[in-house]
Amino acid sequence: MKMKITVRAFADYREIIGKEMELLLPAEKTIGGLLADLGDRYPNLRREMFTPAGELKEFINIFINGRNIAFLKNMATPLSDGDIIALFPPVAGG
Amino acid sequence: MYGWIGCYLRIDLGSGTVRKESLPAELARKYLGGRGLGTHFMMTEVDPKIDPLDQKNKLIFAAGPLCGTNAPSASHFDVVSKGPLNGTIAASSSGGIFGPMLKYAGYDMIILEGKSVKPVYLWICDDVVEIRDAADLWGNTVPETTEAIRAATDEEASVACIGPAGERQVLFANIMNECGRAAGRSGVGAVMGSKNLKAIAVRGTGAVRVPDIKAFRDTVVRASAKIKANSVGGQGLRNFGTDVLVNILNELGGLPTRNFTDGYFPMADKVGGESLAKQLLIRPRGCYACIISCGRATKVTNPKFAGQGEGPEYETAWAFGPDCGIDNLDAVTKANYICNDYGMDTITMGSSVACAMNLFEDGIITTKDTDGIALTFGNVDAMMEMVRKTAEGEGFGKKLALGSYRLAESYGHPEYSMTCKKQEMPAYDPRAIQGIGLNFATGNRGGCHVRGYTISPEVLGQPVKMDPRVTEGKPALDITFQDLTAALDSSGMCLFTTFGLGAEDLAELLSAATGLNITTEEFMKIGARIWNLERLFNLKAGLSAADDKLPERLTKDPILTGPSKGLVNRLGEMLPEYYKLRGWDAAGVPTKQTLTDLGL
């Protein structure tokens, strides 16, 4: 059983992976697994998002259906069919 | 004195007298400058109960001790007065180069009193201070005024002026400097208009003295490096400007839509920073000594909305965009240009149009009220026409010129106004973000985001990530951010330096500039003192705890669609703790002990 996941990229990340993509993923995939796959496909995205040690860089925000994964289970957060992932580099304003 | 000049101007526009007065050192240390110092003088010299447009109100332009030094982004000054939009103490901050020029001319502050019998402008060039006739300038837009005054004085002069909106005392008229920078909120431009003061032009050739140039330079280098190393302060704001927030707020479900009837706008991306960078951006623009450059020099080529200028910032893009149900970036940008040219606050302007659209859609007003215009959400032409009518003082625009609260109240429905203390809230939905709701409700000048920007931890994850949906810990968070900002606004620094600098860095910069040992604790205490002083002014003006509230819509009507569907703000869970932590009683009044502790 495959899940349909939508990935939206913002700010600088759009230059790397485009504005939006839909992916079919195996049911047991986590957000960490998805980002690892994307990192394999887009090495520049991995460089932008992760340290050489594989840690998420500071001030990067990853939302699943509007919830920051920091308030879910971080990289271990499981994905569900229909989820919308939003990837934000460090941004600010006011 | 170091950092401060130690001298300020007191000008009576009625009699035409100009006095130079010394700034007491103990007062400077107690309130720093800008917002803090201005509020002190308002509190001691003005009856808080007066009509803001009465000549007894004062208008204070004040810089801080760091303003004009080469500290990073040390450009800010504040305009302090009693604000006509809502009767609270108003302090509106702006960048550009006006603040540094004022100090180079030899002044920390200008206190303007009384009212001129005819239109005038001030020309300040070092020791020379002249009150000049402005009859020929009255009616001119901001760019026209700026150009004419520079031609008549000095091409290097910084000009802070009002446009036609300030002359007509539109209650949210602003004061523009360098054409594109604004002391934007609370209607300080209307106070300037009520005094028949069109502009202040200033040129200074002096400098700001610091006690040890090398030590100060070393501190500046360290602070600049911290901002540059910060991925937001160093790169993010320059690349996409503040408008990049449109998408992150929308993806969170916290982008107020159609006058806060919803918190999600499916077409948001069309008015976001990414679209702006691709379609309209000429180049990023910074203020004096800025290493961030959040400003946007833009150009619209679409013939229908053609123009060139500054903006839009995030709040502006939201106010004329999603808040009005509009996704046309060209129109949004053109509306921004009109506001800049006429001197109007874009947040209140856009929100007032959104409020009118809401009233129209619900049948409370009709085309008979709106000069025949179908004021429906998403109607681009209607939005543009309303901005124009307000700018020109025509028809329904005269009602919009009073802001959304008076507009909605005049039709018997003040609940349609999305305001706190009668000032329009900015672009963050408190139903999706609990802490910012508490900040709006307790804001000393009403709905405002730049005096307690909890969006930073609650949405952007800086300096730490805090869950926007929980209320626990938010009262303490709000207080910290409010106090930090009050001290920062009074120091002369730009708020965006806090994307990289903390209170300890700002205290270190202040110490190096002034030669005083200002600790982090003292810096934060100065902020708390200013916040409480503003509170005291408002209480004396007649406000009370009953004014510390959100529009009922935000606590009772859940968000309808998007990721935050079903959420409301839970202000009642936070407000009592906020009062307690502030050292206020249950009626929201600072206790004697609190005032004693703060030296008030």
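Computed from a predicted structure; not experimentally measured. (Residues numbered from 1 in each chain as written. Chains lettered and ligands numbered in written order. Predicted model: local features only at pLDDT ≥ 70, side-chain atom pairs only at ≥ 80, totals over all residues.)

K.L.:
Break down the overall build of chain B for me, with residues and values.
P.N.:
Summing up its helical and strand segments, chain B has 24 helices and 17 strands in all. A compact globule built from 600 residues would reach a C-alpha radius of gyration of about 25 Å, and chain B, at 22 Å, matches this within 12%. Judged by the C-alpha coordinates and their principal axes, chain B covers about 60 × 55 × 45 Å. Here chain B holds 600 residues, and the buried ones make up 64% of them. Relative to all contacts within chain B whose residues are 6 or more apart in sequence, the contacts with residues 24 or more apart total 71%. (Helix = DSSP H or I, 4+ residues; strand = E, 2+ residues; numbered from the N terminus. Rg over C-alpha atoms; globule rule 2.2 N^0.38 Å. Buried ≥ 20, exposed ≤ 12 C-beta atoms within 10 Å, placed from the backbone. Contact = placed C-beta atoms within 7 Å.)

K.L.:
Pulling in residues and values, what's your account of the sheet that holds strand β5 (residues 84-88) of chain A?
P.N.:
Residues and elements named next belong to chain A. Strands sit in the order β2-β1-β5-β3-β4 across an open sheet of five strands; the sheet is mixed. Each edge of the open sheet is held by one strand with a lone partner, namely β2 (20-26) and β4 (67-68). Sheet analysis places strand β3 (residues 61-64) next to β4, joined by two bridges and oriented antiparallel. Of the residues in β4, the one forming a bridge with phenylalanine 63 is asparagine 68. (Pairing = 2+ DSSP bridges.)

K.L.:
Outline the domain arrangement of chain B, listing residues and values.
P.N.:
Residues and elements named next belong to chain B. Assigned domains of chain B: these are domain 1 (7-203), domain 2 (244-424) and domain 3 (434-597). Using C-alpha coordinates to define each centre, domain 1 is positioned 26 Å away from domain 2. Residue-level contacts link 35 residues of domain 1 with 27 residues of domain 2. Residue assignment for the side of domain 1 that touches domain 2 shows that the elements contributing at least two residues are α4 (142-152) and α5 (164-167). In terms of residues, the side of domain 1 that touches domain 2 owes the most to one element, α5, which gives three residues. The residue inventory of the side of domain 1 that touches domain 2, partitioned by class, reads 17 nonpolar, 15 polar and three charged. (Domains from an automatic or database assignment. Nonpolar A, V, L, I, M, F, W, Y, C, P; charged D, E, K, R; others polar.)

K.L.:
Residue-level account of the sheet that holds strand β13 (residues 281-285) of chain B, with values.
P.N.:
Residues and elements named next belong to chain B. Spatially, β13-β14-β15 is the arrangement adopted by the three strands of the open sheet, whose pairing is antiparallel. The sheet terminates laterally at β13 and β15 (307-310), the two strands that pair on one side only. For this sheet, the mean inter-axis angle between neighbouring strands, taken without regard to orientation, is 10°. By the bridge criterion, four bridges tie β13 to strand β14 (residues 295-300) in an arrangement that is antiparallel. Pairing of leucine 281 across the sheet is with threonine 298, part of β14. Running at roughly 65° to β15, helix α12 (residues 329-342) makes contact with β14 and β15 of the sheet. (Axes fitted to C-alpha atoms, helices over the stretch in contact; angles between N-to-C directions.)

K.L.:
Lay out the packing of helix α20 (residues 503-514) of chain B against helix α21 (residues 520-541) of chain B in plain terms, naming residues and giving numbers.
P.N.:
Packed helices, taken two at a time, are described by their axes: the angle between them and the distance between them. Residue and element names in this part refer to chain B. Two elements in contact, α20 and α21, have axes whose closest approach is 8 Å; the angle formed by their N-to-C orientations is 95°. On the basis of the axis angle, α20 is roughly perpendicular to α21. Counted together, Ala503, Glu504, Leu506, Ala507 and Leu510 of α20 and Thr520, Phe523 and Met524 of α21 form the full contact between these two elements. Split by residue class, the contact of α20 with α21 holds six nonpolar, one polar and one charged. (Parallel < 35°, antiparallel > 145°, perpendicular 65-115°, else oblique.)

K.L.:
Describe helix α14 (residues 380-392) of chain B, and please don't skip the residues or the numbers.
P.N.:
All names here are of chain B. The first and last C-alpha atoms of α14 sit 18 Å apart over 13 residues, in line with the 18 Å expected at 1.5 Å per residue. Summarising burial for α14: ten of the 13 residues are buried, a large majority. Among all positions in α14, only Val380, Ala382, Met383, Met384, Glu385, Met386, Val387, Lys389, Thr390 and Ala391 are buried. Where α14 is buried, its residues meet α5, α11 (314-320), α12, α13 (346-361) and α15 (397-400). Phi turns positive, to about 70°, at glycine 393, one or two residues after α14. (Expected span 1.5 Å × (residues − 1).)

K.L.:
Explain the pairing of strand β8 (residues 128-133) of chain B to me, and be specific about the residues and the numbers.
P.N.:
All names here are of chain B. Here strand β7 (residues 120-125) pairs with β8 via six bridges, running antiparallel. Following the sheet pairing, isoleucine 124 is matched in β8 by valine 129. Between the antiparallel neighbours β7 and β8 lie two residues, among them aspartate 126 with a positive phi of about 50°.

K.L.:
Explain helix α16 (residues 403-410) of chain B to me, and be specific about the residues and the numbers.
P.N.:
Residues and elements named next belong to chain B. Listed in full, the buried residues belonging to α16 are Gly403, Ser404, Tyr405, Leu407 and Ala408. Residues of α16 that are buried in the fold lie against α13, α15, β16 (419-420) and β17 (423-424). Remark: glycine 412 follows α16 within two positions and exhibits a positive phi of approximately 80°.

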